[in-house]
Amino acid sequence: MIDTNLLDILVCPVSKAPLIYDDKTCELKCKASGLAYPVRDGIPVMLEDQARSMSNEEVSNL
């Protein structure tokens, strides 16, 4: 789980859009850029080269 106060201020480093936390995958997802950033040990890894590209289906389900 990620702190909701932290989630309120974090944005995607690529698109500057808000992020959505996915509890199942422990990722912060950005609909605008289509990237999912991992959360490791409760710490968001907000590096573009560490993010994974989401499928079109994943993005449309956000």
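Procedures and definitions
- Residues numbered from 1 in each chain as written.
- Predicted model: local features only at pLDDT ≥ 70, side-chain atom pairs only at ≥ 80, totals over all residues.
- Heavy atoms only, no water.
- Helix = DSSP H or I, 4+ residues; strand = E, 2+ residues; numbered from the N terminus.
- Rg over C-alpha atoms; globule rule 2.2 N^0.38 Å.
- Buried < 20%, exposed > 50% of the residue type's maximum accessible area, 1.4 Å probe, protein only.
- Polar contact = N/O pair within 3.5 Å; in protein donor to acceptor, adjacent residues only side chain to side chain.
- Contact = heavy atoms within 4.5 Å.
- Salt bridge = Lys/Arg side-chain N within 4 Å of Asp/Glu carboxyl O.
- Core = buried A, V, L, I, M, F, W, Y, C linked by side-chain atoms within 4.5 Å.
- Pairing = 2+ DSSP bridges.

### Describing the overall build of the protein
Broken down by element type, the protein carries two helices and five strands. Tracing the protein from N to C terminus, the helices and strands come up as α-β-β-β-β-β-α. On C-alpha atoms alone, the protein measures out to a radius of gyration of 10 Å, which is about the 11 Å that the 2.2 N^0.38 rule sets for 62 residues. Judged by the C-alpha coordinates and their principal axes, the protein covers about 25 × 25 × 20 Å. Going through the 62 residues of the protein one by one, you find that 35% of them count as buried.

### Observations regarding the side chain of Asp22
Along the chain, the position of Asp22 falls in strand E1 (residues 20–22). Polar side-chain contacts of Asp22 include one of 2.8 Å to the side chain of Lys29. Once residues lying within four places of it in the same chain are set aside, the contact partners of Asp22 are Glu27 and Lys29.

### Regarding the pattern of salt bridges
Inspection of the entire model under this criterion finds four salt bridges. Residue Arg52 is joined to Glu27 by a salt bridge in which the shortest nitrogen-to-oxygen separation is 2.8 Å. Residue Arg52 is found in strand E5 (residues 52–53), and its partner Glu27 is found in strand E2 (residues 27–30); the two are separated by 25 residues along the sequence. Given a relative accessible area of 30%, Arg52 falls into the partly exposed group. Close ionic contact of Arg52 with Glu58 constitutes a salt bridge, the shortest N to O distance being 2.8 Å.

### Comments concerning the nonpolar core
Grouped burial of nonpolar side chains is what soluble globular proteins tend to show. If you look at the biggest cluster of nonpolar residues, it comprises twelve residues: Ile2, Leu10, Cys12, Ala17, Leu19, Tyr21, Leu28, Cys30, Leu35, Tyr37, Val39 and Ala51. Per element, the largest residue contribution to this core is three residues, and it comes from strand E3 (residues 35–40). Contacts of Cys30, omitting those with residues within four sequence positions, involve Cys12, Ser15, Ala17, Pro18, Leu19, Leu35, Met54 and Leu62.

### Side note on the pairing of E3
The element E3 is largely enclosed, with a buried count of five among its six residues. Bridge analysis of E2 against E3 gives four bridges, and the strand direction is antiparallel. Looking at E3, one finds that Leu28 is bridged to Tyr37. Linking two consecutive strands that pair antiparallel, namely E2 and E3, is a turn of four residues; a positive phi of about 75° is found at Gly34 within it. Two elements, E3 and E5, share two bridges in a ladder whose sense is antiparallel. From the neighbouring strand, Leu35 faces E5, where its bridge partner is Ser53. In sequence, E3 turns back onto strand E4 (residues 43–44) through a hairpin of two residues, with Asp41 there showing a positive phi of about 55°.

None of this, on its own, says anything about what the molecule does.
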